[in-house]
Amino acid sequence: MALQDVCKWQVSDTLGLSPHLPQAGGWAVPHGCDPQTFVQTHGPRLAHGTTTLAFRFRHGVIAAADTRSSCGKYVACPASRKVIPVHQHLLGTTSGTSADCATWYRVLQRELRLRALREGQLPSVASAAKLLSAMMSRYRGLDLCVATALCGWDRSGPALFYVYSDGTRLQGDIFSVGSGSPYAYGVLDRGYRYDMTTQEAYALARCAVAHATHRDAYSGGSVDLFHVRESGWEYVSRNDAWVLYSELQKLPEQEKQDEEEASQADPEPATPQRAVKGGELSVELVPGDSKLSMETETL
């Protein structure tokens, strides 16, 4: 409020079009052409590929992503950052066109900062998601490509929202976005629990992204891991995706060896099972004990 009084600055409508971006009908296109039709017909066909995920659990929100930025079949950057902090208690994963994602996150940071100055407190995660959705929806049909998962902690606790550039806004516990998301969802659906420990959540996020980078050609590089707590977000680690996948492949072999050693040290005795079939009472033994023969009693 002091900034407005001293500078005599008038508050603009934050739900309208951004003053720092071209108007929806003001793009530089030839005269007589509709901007939306021109972009769809003559615009570049950009191939997008990434793996990002986020899930909410008892101790906060986990966000993870790979680091490969691709342009078609070309790897433009093997070590990019796809999880962007907005403020101390809010960050988001980015999927889509890198320039669009970076631009709209800068716009969101500015708008949230101005609202915090006016209201004296940071907006909630739901308010931030609604604001971003409303701003991007005005550019629907102009080939804008931004898909993000907003992860934060506000007065209501941990919160997670998915926002797409066409104005879609969803709230949930698990989101994965990008070309590698089907593979990541397979791992998350199998291992996710809300009451996980922090280390279990870290392991699940790394495992999901590592498996996605192995199957998806457009995902790769390393795995970035973030944790949003009540005290703020924390950058946990960056691990090589191939090394993580190799270590995960060794785990089933080690578990199998441990089970074989345990079975050899303490063999289980064969247990007879009785079943009635067609008026006959048959006694069947569990396979594995060749010393005992099958017995059949006829009633």
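A brief structural summary.

**Details of the overall build of the chain**
Next up, step 1: Along its length, the chain carries seven helices and 15 strands.
Next up, step 2: Burial statistics for the chain: of 299 residues in total, 40% are counted as buried.
Next up, step 3: For the chain, the exposed surface amounts to about 17,100 Å²; the carbon and sulfur share of it is 52%.

**Overview of the pattern of salt bridges**
Next up, step 1: As enumerated under the stated definition, the model contains eight salt bridges in all.
Next up, step 2: Salt bridges linked by common partners bring Arg81, Asp224 and Arg238 together as one network.

**With respect to the environment of Tyr245**
Next up, step 1: Along the chain, the position of Tyr245 falls in helix H7 (residues 241-265).
Next up, step 2: Residue Tyr245 is classed as buried on the basis of its relative accessible area of 10%.
Next up, step 3: Each C-alpha atom of the pair Tyr245 and Cys207 lies 7.4 Å from the other, and the pair is 38 residues apart in sequence.
Next up, step 4: Leave out the neighbours within four places in its chain, and Tyr245 touches Ala210, His211 and His214.

**Things to note about the state of the cysteines**
Next up, step 1: For the coordinates displayed, the defined rule picks out zero disulfides.
Next up, step 2: Cys101 carries a free sulfur, and the closest cysteine sulfur to it, the one in Cys145, is 7.1 Å from it.

**Considerations on the sheet that holds strand S8 (residues 157-164)**
Next up, step 1: Strand order in the open sheet formed by five strands is S5-S6-S7-S8-S9, and the pairing between neighbours is antiparallel. Since the sheet does not close on itself, it has two edges, and those belong to strand S5 (83-87) and strand S9 (169-171), each with one partner. Averaged over all pairs of adjacent strands, the angle between strand axes in this sheet comes to 25°, irrespective of strand direction.
Next up, step 2: Here four bridges tie S5 to strand S6 (residues 90-96), and the two strands are oriented antiparallel to one another. Among the inter-strand pairings, Pro85 is bridged to a residue of S6, identified as Leu91.
Next up, step 3: Helix-sheet contacts for helix H4 (residues 125-137) involve S6, strand S7 (146-154), S8 and S9, and the interaxial angle to S7 is about 160°.

**Thoughts on helix H5 (residues 181-191)**
Next up, step 1: The complete set of buried residues in H5 reads Ser181, Ala184, Val187 and Leu188. When H5 is viewed along its axis, its buried side chains cluster within an angular range of 125° and face the same direction. Opposite the buried face of H5, by more than 90 degrees, sit the exposed residues Pro182, Asp189 and Arg190.
Next up, step 2: Tucked inside the fold, the buried residues of H5 contact strand S1 (52-57), strand S10 (174-177) and helix H6 (198-215).

**With respect to the sheet that holds strand S11 (residues 222-229)**
Next up, step 1: In spatial order, the strands read S10-S1-S2-S11-S12; together these five strands make up an open sheet with antiparallel pairing. The sheet is open, and its two borders are formed by S10 and strand S12 (232-240), each paired with just one other strand. The average angle at which neighbouring strand axes cross in this sheet is 15°, direction not considered.
Next up, step 2: Two elements, S1 and strand S2 (residues 60-66), share six bridges in a ladder whose sense is antiparallel. In the strand pairing of S2, Phe57 is matched with Gly60.
Next up, step 3: Where H5 meets the sheet, its contacts fall on S1 and S10, and the angle it forms with S10 comes to roughly 155°.
Next up, step 4: Contacts from H6 reach S1, S2, S11 and S12 within the one sheet, and its direction differs from that of S11 by about 150°.

**Some thoughts on H6**
Next up, step 1: With 18 residues, H6 ought to run about 26 Å at 1.5 Å a step, and its terminal C-alpha atoms sit 26 Å apart, in line with that.
Next up, step 2: Residues of H6 that are buried: Thr198, Ala201, Tyr202, Leu204, Ala205, Arg206, Cys207, Ala208, Val209, Ala210, Ala212 and Thr213.

Cut-offs used in this document
- Residues numbered from 1 in each chain as written.
- Predicted model: local features only at pLDDT ≥ 70, side-chain atom pairs only at ≥ 80, totals over all residues.
- Heavy atoms only, no water.
- Helix = DSSP H or I, 4+ residues; strand = E, 2+ residues; numbered from the N terminus.
- Buried < 20%, exposed > 50% of the residue type's maximum accessible area, 1.4 Å probe, protein only.
- Areas by Shrake-Rupley, 256 points an atom, 1.4 Å probe, with all protein chains shown as cover.
- Salt bridge = Lys/Arg side-chain N within 4 Å of Asp/Glu carboxyl O.
- Contact = heavy atoms within 4.5 Å.
- Disulfide = S-S within 2.5 Å.
- Pairing = 2+ DSSP bridges.
- Axes fitted to C-alpha atoms, helices over the stretch in contact; angles between N-to-C directions.
- Arc of directions from axis to C-beta.
- Expected span 1.5 Å × (residues − 1).

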